[in-house]
Amino acid sequence: MQTNTIFSVFVENLSELNEGNMVGCWVEFPCDYDEWKTVLAKIGNPEEIIITDTENYTDLESLPINQYSSYSDIQEIAEYIEYLQDDQYKENLFTAVYNSVASDFEEAKEAVEEERYTLMQGYTMAEYSEMLARECYTIPDELAPYIDWEGYADNLRVSGYTETEKGVLIEEY
């Protein structure tokens with residue numbers, strides 16, 4: 001199997017499943033087509049397969065894989081996630097967009113490729129609003145404890161900023 005497993009899926013022979021038999025195995029992705037054919041041979045070369053489980057090794061909250069996803073669709077998802085792993089910023093940006101604002105995998109992929117968002121990694125919304133204010137103004141140390149950075153953060157939320165696990169996501173207009 002692959003050494004850089006992005007996720008695994010459990011593939012079953014649908015005919016056997018309908019007869020009450022569980023004939024299937026785990027497949028790690030990305031997976032080359034020859035390996036895929038070997039898996040199908042192990043479960044009896046079924047005409048119909050079904051994906052009954054997934055193991056996700058990414059920070060994505062869910063994978064866009066359903067019970068009838070094809071090998072090529074699953075492989076495409078794995079290859080794109082693997083591609084992102086070469087660039088930590090892009091990987092974190094995709095995860096933030098996919099988990100927080102996009103309605104599906106393709107929308108998140110398109111948003112990242114078209115650079116529709118910027119990710120301020122490691123910041124909470126309050127920390128980011130404080131950083132912005134300090135860049136624009138000189139704030140006396142005596143006054144700083146009395147500033148409501150969460151209040152400023154609420155204003156940012158209304159303006160297209162989203163707080164994520166990866167940092168503050170900023171929508172570019």
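Just so you know, these numbers come straight off a predicted model, no measurement behind them. (Residues numbered from 1 in each chain as written. Predicted model: local features only at pLDDT ≥ 70, side-chain atom pairs only at ≥ 80, totals over all residues. Heavy atoms only, no water.)

**Student:** Explain the sheet that holds strand S6 (residues 167-171) to me, please; I cannot follow it from the model alone.
**Tutor:** Hydrogen bonding along the main chain pairs the strands of a sheet, whether they run parallel or antiparallel. Across the sheet, which stays open at both edges, the three strands sit in the order S4-S6-S5 with antiparallel pairing between neighbours. At either end of the open sheet lies a strand with only one pairing partner, and these are strand S4 (117-121) and strand S5 (161-164). For this sheet, the mean angle separating the axes of adjacent strands, direction not counted, is 25°. Bridge analysis of S5 against S6 gives four bridges, and the strand direction is antiparallel. Its bridge partner lying in S6, Thr164 is registered against Gly167. (Pairing = 2+ DSSP bridges. Helix = DSSP H or I, 4+ residues; strand = E, 2+ residues; numbered from the N terminus. Axes fitted to C-alpha atoms, helices over the stretch in contact; angles between N-to-C directions.)

**Student:** How do you make sense of the pattern of salt bridges when you look at a structure like this?
**Tutor:** A side chain of one charge can pair with a side chain of the opposite charge when the charged atoms of the two come close. By the definition in use, this model includes eight salt bridges. Measuring nitrogen to oxygen at the nearest pair gives 3.1 Å for the salt bridge that ties Arg157 to Glu163. Since its relative accessible area comes to 35%, Glu163 is described here as partly exposed. Several salt bridges converge on common partners, so that one network encompasses Glu110, Glu114 and Arg116. (Salt bridge = Lys/Arg side-chain N within 4 Å of Asp/Glu carboxyl O. Buried < 20%, exposed > 50% of the residue type's maximum accessible area, 1.4 Å probe, protein only.)

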